[in-house]
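Here is how the chains run, residue by residue.
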Amino acid sequence: MIVAQSVAEMFGRRAALDGTGKSIAFVPTMGALHAGHLSLIKLARRFADVVVVSIFVNPLQFGPSEDYARYPRPLDADLDACLEEGVDLVFVPSVADLYPAGRQVTVSAGPMGTVYEGRSRPGHFEGMLTVVLKLFNIVRPQIAVFGQKDAQQLACIRRMAIDLNLEIDIVGAPTVRDPDGLAGSSRNRYLTPAEHRAGLALSAALAAGTAEHTATAALAAAGVIVAAAESDPIFELDYLALVHPATFAQVGEDFAGEALMIIAARVGATRLIDNAFVTCVAGAIDPAPAHAAISR
C-alpha cells in the first residue's frame, strides 16, 4: 500500500496509472475509520482495479462551535485498516498543502445546501463540496463511493457531479449499523453508555416511520418515538422530516413514491444524524400534514 502525503506526490502516483487501463475507485474519508467506512472500501473494490482512500479532516466543513479540534485522528490505526482491506493508495494531505494561502474560491451547494444540515451547520456543504471537488481533481477517479448515512451530503455531491459535468459515477452505499441499530459514525466514540441508549431513538423513529405506507402516517409514527425520547434531557431533536431523496424538498401528505425520512438530534454533546427510505402511497389528507416537518 502506498501512502501519499502531499498533493504533488499524489499527482505523481496518479499520473503513473495513466495508460495502464486500470479503473480507479475513490473513497474520501475524514479518518477515524469504522465498519461503515470499511464497507465503502469493500464496495469500491468490487467496482475498480485500484482503490484510493483519502484521510483528511476538512476544516472548511466545521463551524466555529463544532468539534474540529477534538475530531478523532487515529492515523496509524486508519492506515492499518486500509492495509487490511487491500487499499492500493492512501492520500493523507495536510491542511496547508490542500488549501494554499490566499484561497478564495469555494463551491456553493445552492438551495439544497441551506436546509436541514445546511441550516443547522451554515457553510458545511460549501466546505464539503469544495474539498470533494479538489480531491476529485487530484485523484481523477472513475467511481467515488459515499455512505447513504450522510444522505444530504450524497445528494449534494450527485448534484455537483451533474451541474459541473464531472465524469464520475457517484455510488451510494447502505448505512452500516451497530447490532442495536445505531448508525455507524466516527462521532459514536464520543457517546457515554447512557447517550448511546438515548441515541437509539433515531433508528427507532425511522423504523416506526418506514412501517407506515403514507407520508402523513410515517411522519406521525416517527414523531411519537421522538416525543418520548425528548423526555430525557440529554436528547434534543434538531429536525425530523420526509423529503425527496434527490432535492431534499419536503413531500406533501398525499405524496406517492419513494421518500427519505431524515432525522438529526443532539445527544449530550454529540450530534447524530440518520435516515431511511419510505415507500409512500397517496393517502387521505390528515389534519397533521407530513410536509410540516418536526423541528426544534
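Look above for the structure.
Residues numbered from 1 in each chain as written. Predicted model: local features only at pLDDT ≥ 70, side-chain atom pairs only at ≥ 80, totals over all residues. Heavy atoms only, no water.

A.B. asks: Help me out: how do you make sense of the sheet that holds strand E6 (residues 169-173) in this one?
C.D. replies: Either a parallel or an antiparallel arrangement is found when strands of a sheet pair, and the pairing is made through backbone hydrogen bonds. Spatially, the six strands line up as an open sheet ordered E1-E4-E3-E2-E5-E6, and their pairing is parallel. Both outer strands of the open sheet, strand E1 (2-4) and E6, are each paired with one neighbouring strand and no more. Going across the sheet, the axis of each strand differs from the next one's by a mean of 25°, ignoring polarity. Pairing of strand E2 (residues 24-29) with strand E3 (residues 50-55), which is carried by six bridges, proceeds in the parallel orientation. (Pairing = 2+ DSSP bridges. Helix = DSSP H or I, 4+ residues; strand = E, 2+ residues; numbered from the N terminus. Axes fitted to C-alpha atoms, helices over the stretch in contact; angles between N-to-C directions.)

A.B. asks: Sorry if this is basic, but what is going on with the pattern of salt bridges here?
C.D. replies: Between side chains of opposite charge, pairing is possible as soon as their charged atoms come close. Overall, the coordinates contain twelve salt bridges when judged by the stated rule. In this structure, Arg119 and Asp238 form a salt bridge, with 3.1 Å as the shortest nitrogen-oxygen distance. Remark: Asp238 occurs in strand E7 (residues 235-243) and Arg119 occurs in helix H5 (residues 117-120); sequence separation between them is 119 residues. Asp238 is the partner of Arg271 in a salt bridge, and the nearest nitrogen-oxygen pair spans 2.7 Å. Of this pair, Arg271 sits in strand E9 (residues 270-280) while Asp238 sits in strand E7, placing them 33 residues apart in sequence. We classify Arg271 as buried; its relative accessible area is 16%. Each member of the salt-bridge network shares a partner with another, and the members are Glu117, Arg119, Asp238 and Arg271. (Salt bridge = Lys/Arg side-chain N within 4 Å of Asp/Glu carboxyl O. Buried < 20%, exposed > 50% of the residue type's maximum accessible area, 1.4 Å probe, protein only.)

A.B. asks: What's the story with unusual backbone geometry in this structure? I'm lost.
C.D. replies: Residues other than glycine predominantly adopt negative phi, and peptide bonds predominantly adopt the trans conformation. Although it is not a glycine, Arg140 adopts a positive phi angle of roughly 50°. Take Arg140: it is sitting in the loop between helix H6 (124-139) and strand E5 (143-147). With a relative accessible area of 36%, Arg140 lands in the partly exposed category. The phi angle at Asn165 is positive, at roughly 55°, despite the residue not being glycine. Inspection of the secondary structure puts Asn165 in the loop between helix H7 (151-163) and E6. Judged by its relative accessible area of 66%, Asn165 falls in the exposed class.

A.B. asks: Hey, could you run me through the nonpolar core in this one?
C.D. replies: Soluble, globular proteins show a tendency: their nonpolar side chains are buried together. Phe136, Ile170 and Phe248 are the most contacted members of the largest nonpolar core, which has 47 residues in total. Considering each element in turn, this core owes the most residues, ten residues, to H6. In this structure Phe136 touches Phe26, Pro141, Ala144, Phe146, Ile157, Met160, Leu166, Ile168 and Ile170, once residues within four positions along its chain are discounted. (Core = buried A, V, L, I, M, F, W, Y, C linked by side-chain atoms within 4.5 Å. Contact = heavy atoms within 4.5 Å.)

A.B. asks: It is not clear to me how the environment of Arg46 should be interpreted in this structure. Could you clarify?
C.D. replies: Of note, Arg46 is situated in helix H2 (residues 35-47). A sequence separation of 21 residues divides Arg46 from Ala25, and the C-alpha atoms of the two residues are 9.2 Å apart.

A.B. asks: I'm lost on H2 in this one. Help?
C.D. replies: Because an α-helix packs 3.6 residues into every turn, residues spaced three or four apart end up facing the same way. With 13 residues, H2 extends 19 Å between its outermost C-alpha atoms, agreeing within 8% with the 18 Å of an ideal straight helix rising 1.5 Å per residue. Restricting attention to buried positions, one finds in H2 the residues Gly36, His37, Leu40, Ile41, Leu43 and Ala44. Taken down its axis, H2 places every buried residue within 165° of arc, on the same side. Tucked into the core, H2 has its buried residues touching E2, E3, E5 and E6. (Expected span 1.5 Å × (residues − 1). Arc of directions from axis to C-beta.)

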